[in-house]
Amino acid sequence: PQQAVALLEATRKDPSVPPAERTVFQVQEASVQYDAKQCVRVEALLDPMPIIADPKLRARAFFMRGFCRYQRQQWEKATFDLEGLINDPSYQNLALPPLLEAYEKSGQYSRLVNMAEELLQAGRVPPTVELYKRLANGYAKLGEPGLMLSAYERLDKLDPVASHAP
């Protein structure tokens, strides 16, 4: 990977390469770093996020940076990057669990319950034990006992044993 990174970096910094193409090399370099679990380097390459014309490449860049921020427990920053992927079918299932956890860890309970309820109501995610437990906890933290009980009732319908487990 060191040779690949060196080549990508040289091309990314080459002023004779058009800016849009340099950005593609920048994201490719970040991808090599991401695969090597070098999150500090990924963030250095993608913060600020460059203007990326290709939607698939842009989504990949936000996923890499967001997941690195999540792994490094930068909860609020992770939510910013991961939220944008919820509407992308290629990333929704990968982004949702860390996004909801990042909302919880950063105390963004209203965002957690709004996102979860919206996705459930639209049928974009299946109801799961974990999702209903997160909803119930979010409503509890927001001081909404009626909505918390509703989440537990939905959990009980889905899995009666899970609603009674800690």
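Treat the numbers as computed from the prediction; the structure is a model and nothing was measured.

Caption draft 1: A look at the pattern of salt bridges. Under the counting rule described, the total for this entry stands at 16 salt bridges. The shortest N-O distance in the salt bridge between Arg69 and Glu43 comes to 3.5 Å. Of this pair, Arg69 sits in helix H4 (residues 55-71) while Glu43 sits in helix H3 (residues 39-46); the two residues are 26 residues apart in sequence, bridging distant segments of the chain. An identical accessibility class is assigned to Arg69 and Glu43; each is buried. Salt-bridge contacts for Glu130 lead to Arg134; the nearest nitrogen and oxygen are separated by 3.1 Å. Taken together, the residues Glu130 and Arg134, both in helix H8 (residues 129-141) and four residues apart, mark about one turn of the helix. Residue classification places Glu130 among the partly exposed positions, given a relative accessible area of 45%. On the accessibility criterion, Arg134 (11% relative accessible area) is buried. Connected through salt bridges with shared partners, the residues Glu43, Asp47, Arg65, Arg69, Arg72 and Asp81 form a single ionic network.

Thresholds applied
Residues numbered from 1 in each chain as written. Predicted model: local features only at pLDDT ≥ 70, side-chain atom pairs only at ≥ 80, totals over all residues. Heavy atoms only, no water. Salt bridge = Lys/Arg side-chain N within 4 Å of Asp/Glu carboxyl O. Helix = DSSP H or I, 4+ residues; strand = E, 2+ residues; numbered from the N terminus. Buried < 20%, exposed > 50% of the residue type's maximum accessible area, 1.4 Å probe, protein only.

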